[in-house]
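Each chain, written out:
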Amino acid sequence: MSVMKRMSMIFKSKANKALDRMEDPRETLDYSYQRQLEMLQKVRRGVADVATSRKRLELQINQLEQQQSKLTDQGKKALQVGREDLAREALTRRSGLESQLGDLRGQYQQLQGEEEKLTLASQRLQAKVDSFRTRKETIKATYTAAEAQTKINEAFSGISEEMGDVGLAIQRAEEKTDTMKARAGAIDELLASGALEDFSGPKDDIQAELDRMGSGPGVDMELERLKAELGQGPAPKELNQGSPTAAPHQQQDTPQQAPWPQNPGGAQ
Amino acid sequence: MIVRLMGEGQLDVAEEDLSSLNALDAELEAAIESGDETAFRAALHALLDNVRKVGKALPADSLEPSELILPPADAHIDEVRSMLGDEGLIPD
């Protein structure tokens, strides 16, 4: 696999683990800034090296100049004491130093120019790095804000999903209620039409009791009337004939006696 | 395709330019595998130069995820090899 793909894959797999560590613009920016600082450091070291070399040249030039003036003095003194040969030697050496000095001065100027250029580059780079740092911090802040916004959005969508669930539950409950209502309505209709018998307990019992109570006296009265017709018992009694508890007792004891109206207060 | 040159920034490289980059990428990979520092340096510089040439630089404040990543121009061969390892540049 290619270098580009492998590097990207490694970065991406890391991104999955910890919020895109290297591809997180903040990390990348910090890394980039770090590299810029290193570069700046290199340039500064370069400036320092050139400055050191320049200083060294300066010292050498000073030494040579001192030597030169010393040889000049020696030449003068040699002439004063009449030693022209010595004076010539001194001047010859001095001219040798002159050419050396010329070379060194040339190198010195070159280094000075180099140093100035490097200092300028260093200053420019410093300004760039400073500006990058500001921009980097702005981008990092923007990214953090965007990330926060994403999280907020996610939270909101999560909430809306939950609300959706609640809505669904309500909907389900409503549907269930409607179904039950429809079913109850259908049963009522079937009961009303007589297609279904109503087996509901208490209502049936009460109705049966009421029916029994309602039919009870009628049956008794009819029985008495039939008995009277056949001459087996007294004539039909009125409903307000007296205490119902006393009636069976009287019927038993005096089956052939006069009817109740003839002795209305007898039992009282 | 967004390509990141580490330490430099992101560039947008057209799909049709990728084949030429792939050839250089393969050279770089071979150099890393053989441990040839000179070949590695030449391949990396050629690859980076080509990306810079064909790619369109993205503004610094854009937040595009990089699809391809390349090591910095001054990266050492061992550094790149460690980047390509399982640990990557940043350990877990």
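If you're wondering where the values come from, they're calculated on a predicted model, not measured in any experiment.

### Details of the overall build of chain A
Turning to step 1, where the next piece is worked out: In terms of helices and strands, chain A carries five helices and zero strands.
Turning to step 2, where the next piece is worked out: For chain A, the N- to C-terminal ordering of α and β elements is α-α-α-α-α.
Turning to step 3, where the next piece is worked out: For chain A, buried positions account for 21% of its 268 residues.
Turning to step 4, where the next piece is worked out: If you sum the accessible surface of chain A, you get close to 19,600 Å²; carbon and sulfur atoms cover 55% of it.

### Things to note about the environment of Glu79(B)
Turning to step 1, where the next piece is worked out: Structurally, Glu79(B) can be placed in helix α3 (residues 77-84).
Turning to step 2, where the next piece is worked out: For Glu79(B), a relative accessible area of 27% translates into the label partly exposed.

### Some points on the nonpolar core
Turning to step 1, where the next piece is worked out: In this structure, Leu28(B), Phe40(B), Val51(B) and Leu70(B) are the most contacted members of the largest nonpolar core, which totals 29 residues.
Turning to step 2, where the next piece is worked out: Elements represented by at least two residues in this core include exactly α1 (3-17) of chain A together with β1 (2-5), α1 (18-34), α2 (37-54), β4 (68-70) and α3 of chain B.

### Focus on the pairing of strand β2 (residues 9-12) of chain B
All names here are of chain B.
Turning to step 1, where the next piece is worked out: Pairing of β1 with β2 involves four bridges; the strand directions are antiparallel. Bridged to Ile 2 within β2 is Asp 12.
Turning to step 2, where the next piece is worked out: Hairpin geometry of β1 and β2 is characterised by an intervening segment of three residues between the two adjacent antiparallel strands and by a positive phi of about 85 degrees at Gly 7.
Turning to step 3, where the next piece is worked out: As paired strands, β2 and strand β3 (residues 56-57) are joined by two bridges and run antiparallel to one another. Bridge pairing in β3 places Leu 11 opposite Ala 57.

### Points about the packing of α1(B) against α2(B)
Residue and element names in this part refer to chain B.
Turning to step 1, where the next piece is worked out: Two numbers describe how α1 lies on α2: the axes approach to 8 Å, and their chain directions differ by 160 degrees. Accordingly, the angle class assigned to the pair α1 and α2 is roughly antiparallel. In the crossing of α1 with α2, the sense of the turn from one axis to the other is left-handed. Mapping the contact onto sequence places Ser 20, Leu 21, Leu 24, Asp 25, Glu 27, Leu 28, Ala 31 and Ile 32 in α1 and Ala 39, Phe 40, Ala 43, Leu 44, Ala 46, Leu 47, Asn 50 and Val 51 in α2.

### So, the packing of aromatic side chains
Residues and elements named next belong to chain A.
Turning to step 1, where the next piece is worked out: Under the defined criterion, the tally for this structure stands at one aromatic pair over all chains.
Turning to step 2, where the next piece is worked out: With centroids separated by 6.4 Å and ring planes inclined at 20 degrees, the aromatic side chains of Tyr 33 and Phe 132 adopt a geometry described as stacked. Remark: Phe 132 occurs in helix α3 (residues 84-193) and Tyr 33 occurs in helix α2 (residues 25-80); sequence separation between them is 99 residues. By the burial criterion, Tyr 33 is buried, and Phe 132 matches it.

### A closer look at the side chain of Glu115(A)
Residues and elements named next belong to chain A.
Turning to step 1, where the next piece is worked out: Residue placement: Glu 115 occurs in helix α3.
Turning to step 2, where the next piece is worked out: On the accessibility criterion, Glu 115 (14% relative accessible area) is buried.
Turning to step 3, where the next piece is worked out: Reaching out from Glu 115, the side chain makes a polar contact with the side chain of Arg 54 at a distance of 2.3 Å.
Turning to step 4, where the next piece is worked out: In this structure, Glu 115 is in contact with Val 47, Val 50, Ala 51 and Arg 54, ignoring residues within four places of it in sequence.

### Here's the deal with the pattern of salt bridges
Turning to step 1, where the next piece is worked out: Within the structure shown, the criterion is met by twelve salt bridges over all chains.
Turning to step 2, where the next piece is worked out: Residue Arg54(A) is joined to Glu58(A) by a salt bridge in which the shortest nitrogen-to-oxygen separation is 3.4 Å. Taken together, the residues span about one helical turn, with Arg54(A) and Glu58(A) both in helix α2 at a distance of four residues.
Turning to step 3, where the next piece is worked out: Overall, Arg54(A) belongs to the buried group, its relative accessible area being 15%.
Turning to step 4, where the next piece is worked out: Residue classification places Glu58(A) among the partly exposed positions, given a relative accessible area of 28%.
Turning to step 5, where the next piece is worked out: Where Glu37(B) meets Arg41(B), a salt bridge forms, and the shortest distance between an N and an O atom there is 3.0 Å. Of the two residues, Glu37(B) and Arg41(B) are both situated in helix α2; the distance of four residues between them amounts to about one turn of the helix.
Turning to step 6, where the next piece is worked out: The class for Glu37(B) is partly exposed, based on a relative accessible area of 28%.

Reading the values: the criteria
The residue numbering used here restarts from 1 in each chain and proceeds along that chain's sequence as written. The naming scheme follows written order: chains are lettered A onward, ligands numbered 1 onward. Whole-chain, interface and lining totals are the exception, using all residues; otherwise, since this is a predicted model, local features are given only for residues with pLDDT of at least 70 and side-chain atom pairs are given and counted only at 80 or more. In computing side-chain properties, one takes all heavy atoms of the structure into account and sets aside hydrogens as well as water. Helix and strand definitions follow DSSP, with helices as H or I runs of at least four residues and strands as E runs of at least two, each counted in order from the N terminus. Only protein chains enter the area calculation, which uses a 1.4 Å probe; residues under 20% of their type maximum are buried, those over 50% are exposed, and those in between are partly exposed. Residue-level accessible areas treat just the shown protein chains as cover; the underlying method is Shrake-Rupley with a 1.4 Å probe. Put simply, buried Ala, Val, Leu, Ile, Met, Phe, Trp, Tyr and Cys residues joined by side-chain atoms within 4.5 Å make one nonpolar core. For two strands to be treated as a pair, DSSP must find at least two bridges joining them. What counts as an axis is a line fitted to C-alpha atoms, over the stretch in contact for a helix, and the angles between N-to-C directions run from 0 to 180 degrees. Geometric relationships in this document are graded by angle, where less than 35 degrees denotes roughly parallel, more than 145 denotes roughly antiparallel, 65 to 115 denotes roughly perpendicular, and other angles denote oblique. Take the far helix as the reference: if the near one is turned anticlockwise from it by less than a right angle, the crossing is left-handed, and if turned clockwise, right-handed. It only takes one pair of heavy atoms within 4.5 Å for two residues to be counted as in contact. The aromatic pairing rule takes the rings of Phe, Tyr and Trp, using the six-membered ring of Trp, and pairs them if the centres are within 6.5 Å, calling planes under 30 degrees apart stacked, those over 60 edge-to-face and the rest tilted. Each polar contact in these results corresponds to two N or O atoms within 3.5 Å; when the atoms are within protein, one needs to be able to donate a hydrogen and the other to accept it, and residues that are neighboring in sequence are counted only if both atoms are side-chain atoms. Each salt bridge in this description consists of a side-chain nitrogen of Lys or Arg and a carboxyl oxygen of Asp or Glu lying within 4 Å of one another.

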